[in-house]
Amino acid sequence: MADMPETNVPTVSLGSIFLAFFKIGSFAFGGVYSMLAFFERELVEKRKWLTHEEYLESVAIGQMTPGPPIVNTGICIGYKLRRVGGALVTVAGQAFTGTVVAVLLAVFYVKTKDNLLLRSVMKGVGAAVVGLLLSIIYKMAIKTVTDYRAGFFTVSAFVALAAFKINPICLIIASGIIGYAVYAGKK
Amino acid sequence: MALLQFCWILIYVNALTIGGGFVMLPMLQKEFVEKHHWITNQEFIDALAIGQVTPGPLTVMNAFIGYKIHGLTGAILAMVSSYLPCIIIVTLVARFYYKYKESGIVSSSFRGIKAAVIGLLASVAITLGSTSIIDPKTLGIAVISFAVIAFTKVEPTFIIIGAGVIGAFYL
């Protein structure tokens, strides 16, 4: 059944897994790559909970499964260390600080929504968010749209949503099915 | 009932989110803003900004939206619903990794999805842009943010905070 090799490290306690991921979730801001480097340093080099190869495998699994890749990498590492309990604890640790901060900000936001200064701040922020989105699109596009087939997927999805208002969930499922038909058997 | 529906949306959207937190945005915007009218485009943009400036994954924005809709219960259930599908799917994949890797079904489907998502995100960027870009100043902020994030290594978090500071003084 389990075709994943067992790890040979001594059992790590759930509490220490939580703390490690709490630290990762609290102090590692920003991009995927800085987070992944942080993981490697904390878990492979400092704590020696898993080997470099096991770590790379977890990163690969994190990227090929639905959900945020970093969280998924953590789930995979937690699962290797302590099965489902370990997986749950990594998510709780990684999401803890962000969730608490987001809820505090939400409380503040709901209370001061009509404050003029906050409105001005959020105007600036809103414009920057659009710039951020565009830069994400740009970075994803130069990595993913490398041939006419990928370009076809991108353009059709855009037109289907922007002009025809087709539900994005249907579009994602449809592009998965068409993707299989187009790319299956090709490398 | 609305709370249950909210959780259910987060569960299936996260189960379909392949390749990063940003992929969930077109689906969430459609469901939360356009279909159910639980939040406005403006609030969606604010949530996205919060998700970006808080430490940890972008998914944290769902806690913000959950709080906005249903208070603290909404925030907690939002996080549980967002991560539940990930935990189930990833632990299953970790168990059967080698079989999963060999099966072309997943990798070839993902290639289609990853390319399509770029188009979906572009469409959402236009929708959100028409809400938040309202004059030459906001257009300027958007253009500069794009250029800095796309072509330098500056953390997006600082750009968003900086834009907020500029907003406080000039907008």
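Residues numbered from 1 in each chain as written. Chains lettered and ligands numbered in written order. Predicted model: local features only at pLDDT ≥ 70, side-chain atom pairs only at ≥ 80, totals over all residues.

Q: Help me understand the overall build of chain A in this model?
A: Each helix and strand in chain A was counted, giving seven helices and zero strands. Listed N to C, the secondary structure of chain A is α-α-α-α-α-α-α in terms of helices and strands. Computed over the C-alpha atoms, the radius of gyration of chain A is 21 Å, more than 25% above the 16 Å expected from 2.2 N^0.38 for a compact globule of 187 residues. Oriented by its inertia axes, the alpha-carbon framework of chain A measures out at about 55 × 55 × 25 Å. (Helix = DSSP H or I, 4+ residues; strand = E, 2+ residues; numbered from the N terminus. Rg over C-alpha atoms; globule rule 2.2 N^0.38 Å.)

Q: What is the right way to read the overall build of chain B from this model?
A: Scanning chain B for helices and strands turns up eight helices and zero strands. For chain B, the α and β elements follow one another from N to C terminus as α-α-α-α-α-α-α-α. In terms of its C-alpha atoms, chain B occupies a principal-axis envelope of roughly 55 × 40 × 30 Å. In chain B, buried positions account for 58% of the 171 residues. Sequence-distant contacts in chain B: of pairs separated by 6 or more residues, those separated by 24 or more amount to 53%. (Buried ≥ 20, exposed ≤ 12 C-beta atoms within 10 Å, placed from the backbone. Contact = placed C-beta atoms within 7 Å.)

Q: Would you take a moment to explain the confidence of the model for chain B for this structure?
A: Should the pLDDT be low somewhere, the predicted coordinates at that spot are not to be read in detail. Residue-level pLDDT values for chain B average 91, and 100% of them are 70 or greater. For this predicted complex, the interface score ipTM comes out at 0.90, alongside a pTM of 0.90. (pLDDT = per-residue confidence, 0-100.)

Q: Please clarify how the interface of chain A and chain B should be interpreted in this entry.
A: Size of an interface: often given as the accessible area lost when the parts come together. Tallying the contact residues gives 88 residues for chain A and 90 residues for chain B. Mapped onto the side of chain A that touches chain B, the elements with two or more residues apiece are helix H1 (14–27), helix H3 (52–63), helix H4 (69–111), helix H5 (116–144), helix H6 (148–162) and helix H7 (168–183) of chain A. Within the side of chain A that touches chain B, the residues separate by chemical class into 60 nonpolar, 23 polar and five charged. (Nonpolar A, V, L, I, M, F, W, Y, C, P; charged D, E, K, R; others polar.)

Q: Looking at this model, I keep getting lost on the confidence of the model for chain A. Mind explaining?
A: Looking at chain A as a whole, the pLDDT averages 88, with 90% of positions reaching at least 70. When the elements of chain A are averaged for pLDDT, helix H2 (residues 32–46) of chain A gives the smallest value, 83, and H6(A) the largest, 96.

Q: Help me understand the nonpolar core, please; the structure alone is not making it clear to me.
A: Side chains that are nonpolar tend, in soluble globular proteins, to be buried together. The biggest cluster of nonpolar side chains holds 110 residues, and the ones touching the most others in it are A:Ala128, A:Val129, A:Leu133, B:Phe64 and B:Leu121. If one sorts the elements of this core by residue count, H4(A) sits on top with 17 residues. Residue assignment places this core across two domains, with domain 1 (14–111) and domain 2 (116–183) of chain A each supplying three or more. The residues touching B:Leu121, leaving out its near neighbours within four places in the chain, are A:Leu133, A:Ile136, A:Ile137, B:Phe22, B:Leu25 and B:Pro26. (Core = buried A, V, L, I, M, F, W, Y, C linked by C-beta atoms within 7 Å. Domains from an automatic or database assignment.)

Q: How should the domain arrangement of chain A be read in this particular structure?
A: Under the domain assignment, chain A is made up of domain 1 (14–111) and domain 2 (116–183). Between the C-alpha centres of domain 1 of chain A and domain 2 of chain A there is a distance of 26 Å.

Q: Which parts of the structure should I look at to understand unusual backbone geometry?
A: Excluding glycine, residues mostly have negative phi values, and the peptide bonds linking residues are mostly trans. The phi torsion at A:Lys48 lies on the positive side, around 55°, for a residue other than glycine. Counting through the fold element by element, A:Lys48 comes out in the loop between H2 and H3. With 9 C-beta atoms packed within 10 Å, A:Lys48 lands in the exposed category. The backbone of B:His37 sits at a positive phi, close to 55°, despite the residue not being glycine. For B:His37, the position within the fold is in the loop between helix H2 (24–35) and helix H3 (41–53).

Q: What should I look at first to understand the environment of B:Ile159 in this one?
A: Positionally, B:Ile159 belongs in helix H8 (residues 156–170). It is 9.3 Å that separates the C-alpha atoms of B:Ile159 and B:Ile144, two residues lying 15 residues apart in sequence. In this structure, B:Ile159 is in contact with A:Ala128, A:Leu132, B:Ser145, B:Val148, B:Ile149 and B:Val154, ignoring residues within four places of it in sequence.

Q: Help me understand the packing of H7(A) against helix H6 (residues 104–132) of chain B, please; the structure alone is not making it clear to me.
A: Think of two packed helices as two axes; the pair is described by the angle between the axes and how far apart they sit. Between H7(A) and H6(B), the shortest axis-to-axis distance is 7 Å and the interhelical angle comes to 135°. By the angle class used here, H7(A) and H6(B) are oblique. In the crossing of H7(A) with H6(B), the sense of the turn from one axis to the other is right-handed. On the side of H7(A), the interface is formed by A:Pro168, A:Leu171, A:Ile172, A:Ser175, A:Gly176, A:Ile178, A:Gly179, A:Tyr180, A:Val182 and A:Tyr183, while H6(B) contributes B:Ile105, B:Ser108, B:Ser109, B:Phe110, B:Arg111, B:Gly112, B:Ile113, B:Ala116 and B:Leu120. (Axes fitted to C-alpha atoms, helices over the stretch in contact; angles between N-to-C directions. Parallel < 35°, antiparallel > 145°, perpendicular 65-115°, else oblique. Left-handed = near helix turned anticlockwise from the far one by under 90°.)

Q: Where do I start with H2(B) in this structure?
A: Since the α-helix turns once every 3.6 residues, residues separated by three or four places project in the same direction. All names here are of chain B. Between the first and last C-alpha of H2 there are 15 Å, a value that for twelve residues agrees with the 16 Å anticipated at 1.5 Å per step. Where burial is concerned, most of H2 is hidden: ten out of the twelve residues are buried. By the burial criterion, the buried members of H2 are Met24, Leu25, Pro26, Met27, Leu28, Gln29, Lys30, Glu31, Phe32 and Val33. Two residues or fewer after H2 comes histidine 37, characterised by a positive phi angle close to 55°. (Expected span 1.5 Å × (residues − 1).)

Q: Even after reading the chapter, I still don't get the packing of H2(B) against H6(B), so can you show me in this structure?
A: All names here are of chain B. Two elements in contact, H2 and H6, have axes separated by 8 Å at closest approach and are oriented at 50°. Relative to H6, H2 is oriented oblique. H2 and H6 meet at a crossing whose hand is left-handed. Two secondary-structure elements touch here, H2 through Leu25, Pro26 and Gln29 and H6 through Leu120, Leu121, Ser123, Val124 and Thr127. Classifying every residue of the contact of H2 with H6 gives five nonpolar, three polar and no charged.

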